[in-house]
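Residues per chain, in single letters:
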Amino acid sequence: DKPQIGVVGMAVMGKNLALNIESRGYTVAIYNRTGSKTEKVVSDHPDKHLVPSYTIEDFVNSLEKPRRIMMMVKAGKPTDAVIAELLPHLDKGDVLIDGGNTFFEDTMRRNAELDNSGINFIGTGVSGGELGALEGPSMMPGGQKEAYDLVAPIFEKMAAKAEDGAPCVTYIGPNGAGHYVKMIHNGIEYGDEELIDESYNLLRNMLGLTVDEIADIFSEWNKGELDSYLIDITADILTRKDDLGSDKPIVDLIMDKGGNKGTGKWSSQNALALGVPQSLITESVYARYISVMKEERVAASKVLPKPEGKVEFDKDEVIEKIRQALYFSKIMSYAQGFEQMKVASKHYDWNLQFGEIAKIWRAGCIIRARFLQNITDAYNKDPELDNLLLDDYFKDIAKRYQEAIRDIVGLAVKAGVPVPGFSSAIAYYDSYRSAVLPANLLQAQRDYFGAHTYERVDREGIYHYPWYKEQ
Ligand code: NBP
């Protein structure tokens, strides 16, 4: 049998995806620029239906037609380099798939360029890390629909399965839609992590709990509406001790400098470009940036005073309020993420299906969580929903938990524990539910110094006030 699909790139993701596809009953062609990696994959897995090639030409020729080739190489220039090498050997109707963490505008460009040569191009988000790639990731494919139909049977088999058995993959939309949705997924992931980290910080530094006690709290929270992969791994992380010998919790020995690979920043930049409020992801990116300024923070901690006086509270009550504040903020974060996708869908003409997107995030990916089902339900009830907050389930949570987040943000500010995520969540909520905002004064200021004009609430038209005329 000729291989039904080929994978280019035998680093951890490509190797694991190839093994995953093979495990679903396919023969998989594999290729890597550095041949020794291909050799190693084959020698480590002698019983698998893997067909190695050591030149691009042999690799392409080994495949069943129309060819299906999945690239799992470093995003950016390497992806263009691999496409340029493959192109002379491909035929019209072949399907090229990019599973890297590619910037969606690159995917839009490549899709258009390849379309001119008659080559189909699918840009797919793949979430779930190394293990997800091997056992079943959540996949977000975008490109020509007819090309997706050619890979759908394989994708549906290789993807994670949700509790109801549904595969965590669906056609997202044309050209860059899949990579766009993956970018927002990653941005939302930044938000989830920031909110969990703020909760941990409050439990640790405002309540003074031990790491073990906090581990138990997260385990407990994971049994309820916060049930999610990230809460689960957080509870696990907090139980782990130093692997280099001391009996300290490993979390206390890890340097507090947050890394990033840019997808959160892309989400924020895109939100700014589209004019969408995206404060949760943006604050999460900033939180990582300020964390990296470790030396400056250490120096500042010695000269800038913290709040004076002690914050009084009932411990158990505050723990429950932090839980509510976390869930409330998470909802604001997803409301913003889906809002951004709604605006993007119109802007790029993608016709995104939000219920389907929430559905394929229920398993396999890093942000998998019980409450994604509530998002799917909300969009099933009303596909045109303006904002998640207007759905009955989310409206009810906001109603019941808003007091808790107000209390927690107040306490945190008093205690001097930074909560940029929680603060921006309640600020977004209060802005969104305000019939009147002070932008009336803003418009007056803009008109005063720049004659930028304004509209009036009591009559139609565009106005300019005679600011410089004596009254
Ligand atoms: P890397 O992102 O580290 O990329 C290494 C691969 O790219 C190797 O196969 C390497 O070949 C190949 N490559 C490079 Br670098 N430059 C090349 C070039 N000019 N021509 C041909 N091949 C080239 O691998 P990874 O961590 O497995 O990730 C693969 C993709 O999946 C990335 O886009 C990543 O962002 C994405 N992703 C990763 C995760 C994760 O959890 N790691 C999750 C989801 C998505 P060589 O062996 O010859 O150097």
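Residues numbered from 1 in each chain as written. Predicted model: local features only at pLDDT ≥ 70, side-chain atom pairs only at ≥ 80, totals over all residues.

S.K.: Just give me the short version of the overall build of the protein, but keep the residues and values in it.
M.R.: Helix and strand counts for the protein stand at 19 helices and 7 strands. Against the globule reference of 23 Å for 471 residues, the protein gives a C-alpha radius of gyration of 25 Å, in line with a compact fold. Its C-alpha atoms give the protein principal-axis dimensions of about 80 × 70 × 45 Å. When each of the 471 residues of the protein is scored for burial, the buried share is 46%. (Helix = DSSP H or I, 4+ residues; strand = E, 2+ residues; numbered from the N terminus. Rg over C-alpha atoms; globule rule 2.2 N^0.38 Å. Buried ≥ 20, exposed ≤ 12 C-beta atoms within 10 Å, placed from the backbone.)

S.K.: Go over the pairing of strand β2 (residues 28-31) with me, naming the residues and quoting the values.
M.R.: Of the two faces of β2, the one carrying Val28 and Ile30 and the one carrying Ala29 and Tyr31 are both buried. Regarding the hand of the β-α-β motif, the stretch spanning strand β1 (residues 5-8), helix α1 (residues 12-23) and β2 is right-handed. As paired strands, β2 and strand β3 (residues 50-52) are joined by 3 bridges and run parallel to one another. Its bridge partner lying in β3, Val28 is registered against Leu50. Read from β2 through helix α2 (residues 35-44) to β3, the crossover connection turns out right-handed. (Right-handed = clockwise from strand over helix to strand, strands pointing away. Pairing = 2+ DSSP bridges.)

S.K.: Lay out the sheet that holds strand β4 (residues 68-71) in plain terms, naming residues and giving numbers.
M.R.: Strands pair in a sheet through their backbones, by hydrogen bonds, and they do so in one of two ways: parallel or antiparallel. In space, the 7 strands of this open sheet follow the order β3-β2-β1-β4-β5-β6-β7, with mixed pairing throughout. On the outer flanks of this sheet lie β3 and β7 (138-142), each paired with one strand and no other. Each adjacent strand pair in this sheet contributes to an overall mean axis angle of 25°, direction not counted. Note that strand β6 (residues 120-127) and β7 share 5 bridges and pair antiparallel. (Axes fitted to C-alpha atoms, helices over the stretch in contact; angles between N-to-C directions.)

S.K.: I'd love a proper account of the site of the ligand, names of residues and values included.
M.R.: Contacts to the ligand come from 22 residues, most closely from Met13, Arg33, Pro78, Gly100 and Asn101. At the level of elements, α1, α4 (77-86) and α6 (129-135) are the ones that each hand at least two residues to the shell around the ligand. Of the residues contributing to the shell around the ligand, the split by class is 11 nonpolar, 7 polar and 4 charged. (Near = placed C-beta within 6 Å. Nonpolar A, V, L, I, M, F, W, Y, C, P; charged D, E, K, R; others polar.)

S.K.: So, the UniProt feature "binding site: substrate" (unreviewed entry) in the protein: which residues are in play, and what are the values?
M.R.: Residues given the UniProt feature "binding site: substrate" (unreviewed entry) here are Asn101, Ser127, Gly128, Gly129, His185, Asn186, Tyr190, Lys261, Arg288, Arg446 and His452. The largest pairwise C-alpha distance within this set of annotated residues, which runs over 352 residues, is 49.2 Å, so the set is dispersed in three dimensions. Using a count of 23 C-beta atoms within 10 Å as the deciding quantity, one classes His185 as buried. Each residue touching His185, except ones within four places of it in the same chain, is listed here: Gly125, Ser127, Trp361, Cys365 and Ile367. By secondary structure assignment, the location of His452 is in the segment after α19 (439-450). (UniProt positions renumbered as here; feature names shortened; annotations may be inferred. Contact = placed C-beta atoms within 7 Å.)

S.K.: A description of the environment of Gly9 should follow, citing residues and the corresponding values.
M.R.: Mapped onto the secondary structure, Gly9 falls in the loop between β1 and α1. Given 25 C-beta atoms within 10 Å, Gly9 falls into the buried group. Residues Gly9 and Thr34 lie 25 residues apart in sequence; the distance between their C-alpha atoms is 9.0 Å. Residues within four places of Gly9 in sequence aside, it is in contact with Gly14, Asn32, Met71, Met72 and Val73.

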